[in-house]
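Chain by chain, the residues run as shown.
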Amino acid sequence: MKRVLITGASSGIGKQLSLDYLEQGWSVVACGRNQERLRQLSDSSHYDYRSFDTNDREQTRLALADVDDLELVILNAGSCEYIDDAKQFDAELFDRVFSTNVMGTVNCLAALLPNMSEGSQLAIVSSSVTFLPLTRAEAYGASKAALDYLTRTLAVDLDHQGISLSLIRPGFVDTPLTQLNDFPMPGRIGVKEASNIIRTGLEKKKKEINFPFVFIAVMRLLSWLPHSLWHRIAVSMARSAA
Ligand SMILES: NC(=O)c1ccc[n+]([C@@H]2O[C@H](COP(=O)([O-])OP(=O)(O)OC[C@H]3O[C@@H](n4cnc5c(N)ncnc54)[C@H](OP(=O)(O)O)[C@@H]3O)[C@@H](O)[C@H]2O)c1
């Protein structure tokens, strides 16, 4: 039986991935902070959960110390907060977002990588925000850009160990995280569709899994514009949102 560990599994994308991998016959280790939501996720004998805060390195190390025989690890836990006033720059907000998205992922890597063996797979969930500089996304976008670089360099350095890396960059997915957004979310898809795309991409060991297709195609085209032109478009988007 194949075994997958998923962080951020108490909600949204990670929860759906956990349920779908269980249905596919995998053994699942689901991680999050909310113990009650993790407990209620499944009563399958192939289901196990760990509740810990990924921001806490020691807690993360202890919670994951005895997890081995993993075919697949999906580091998906993350949070999003926006910078509302760039002039009154909120360093604490920036710190919170970076701690969870970057250092939380790093703490999981430090705990899990020594026990991962040849032939296993590691996936890190970033975001399509990294295609373009978008209004109010200073903290979230920069944290996800750090994950892009981290994943791509790990792919280089773990290749000879036989561990393959996948960078996952979703567009808008309907989850508790995006339900807080107060702006239009073009191309938003459901968690079931997101999980199907991610699992298919991981099965094919894709280096990058970007979705949904049309939204990503538009983001990609816009990212090819001269920077000065995109800058003018982004500024007018920021002005009309203000
Ligand atoms: N939804 C989208 O449109 C979208 C788009 C692009 C990228 N993403 C990325 O996809 C990932 C999942 O997002 P989602 O939309 O499914 O969000 P979500 O429903 O809010 O789920 C976030 C998950 O992360 C966990 N988490 C957050 N902080 C944590 C911490 N310090 N320690 C341990 N677990 C923590 C939460 O666990 P607890 O609740 O138990 O604390 C929860 O299970 C995130 O990395 C997000 O940035 C989402």
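Scope of this entry: the structure provided in the associated data block. (Residues numbered from 1 in each chain as written. Predicted model: local features only at pLDDT ≥ 70, side-chain atom pairs only at ≥ 80, totals over all residues. Heavy atoms only, no water.)

Focus on helix 4 (residues 91–112)
Consideration 1: Helix length check: helix 4, at 22 residues, gives a terminal C-alpha distance of 30 Å against a target of 32 Å (1.5 Å per residue), a fit within 8%.
Consideration 2: Among the residues making up helix 4, those that are buried are Leu-93, Val-97, Thr-100, Asn-101, Val-102, Gly-104, Thr-105, Asn-107, Cys-108, Leu-109, Ala-111 and Leu-112.
Consideration 3: As for helix 4, its buried residues are in contact with strand 1 (3–6), helix 3 (57–64), strand 4 (72–75), strand 5 (121–125) and helix 5 (138–157).
Consideration 4: Two to three positions downstream of the cap, the backbone nitrogen of Glu-92 sits 3.1 Å from a side-chain oxygen, assigning the N-cap of helix 4 to Asp-90. (Helix = DSSP H or I, 4+ residues; strand = E, 2+ residues; numbered from the N terminus. Expected span 1.5 Å × (residues − 1). Buried < 20%, exposed > 50% of the residue type's maximum accessible area, 1.4 Å probe, protein only. Contact = heavy atoms within 4.5 Å. Polar contact = N/O pair within 3.5 Å; in protein donor to acceptor, adjacent residues only side chain to side chain.)

Concerning the pairing of strand 4
Consideration 1: Neither face of strand 4 is left uncovered, since the one carrying Leu-72 and Ile-74 and the one carrying Val-73 and Leu-75 both have all their residues buried.
Consideration 2: Sheet topology places strand 4 next to strand 5; four bridges connect them, and they run parallel. The residue of strand 5 that forms the bridge with Ile-74 is Ala-123.
Consideration 3: Read from strand 4 through helix 4 to strand 5, the crossover connection turns out right-handed. (Pairing = 2+ DSSP bridges. Right-handed = clockwise from strand over helix to strand, strands pointing away.)

With respect to the packing of aromatic side chains
Consideration 1: Applying the stated criterion to the full structure yields seven aromatic pairs.
Consideration 2: With a centroid separation of 5.7 Å and an interplanar angle of 75°, the aromatic rings of Tyr-82 and Phe-183 are classed as edge-to-face. Of this pair, Tyr-82 sits in the loop between strand 4 and helix 4 while Phe-183 is found in the loop between strand 6 (164–170) and helix 6 (191–203), placing the two residues 101 residues apart along the sequence.
Consideration 3: By relative accessible area, which is 25% here, Phe-183 ends up partly exposed.
Consideration 4: Consider the rings of Phe-94 and Phe-98, whose centres lie 5.0 Å apart with planes at 15°: the pair is stacked. Placement of the pair is Phe-94 and Phe-98 together in helix 4, with a separation of four residues, close to one helical turn.
Consideration 5: Taken together, the ring pairs in this structure connect Tyr-82, Phe-172, Phe-183 and Phe-215 into an aromatic cluster. (Phe/Tyr/Trp six-rings, centres within 6.5 Å; stacked < 30°, edge-to-face > 60°.)

Brief notes about the site of the ligand
Consideration 1: For the ligand, the set of nearby residues contains 31 residues, the closest of which are Ser-10, Ser-11, Arg-33, Val-173 and Thr-175.
Consideration 2: Within the side chain of Arg-33, a nitrogen or oxygen atom sits 2.6 Å from an oxygen atom of the ligand.
Consideration 3: Protein contacts shield 93% of the accessible area of the ligand, which totals 890 Å² for the unbound molecule.
Consideration 4: Those elements that place two or more of their residues in the shell around the ligand are helix 1 (12–23) and helix 5.
Consideration 5: Looking at the shell around the ligand, its residues break down into 11 nonpolar, 16 polar and four charged. (Near = heavy atom within 4 Å. Areas by Shrake-Rupley, 256 points an atom, 1.4 Å probe, with all protein chains shown as cover. Nonpolar A, V, L, I, M, F, W, Y, C, P; charged D, E, K, R; others polar.)

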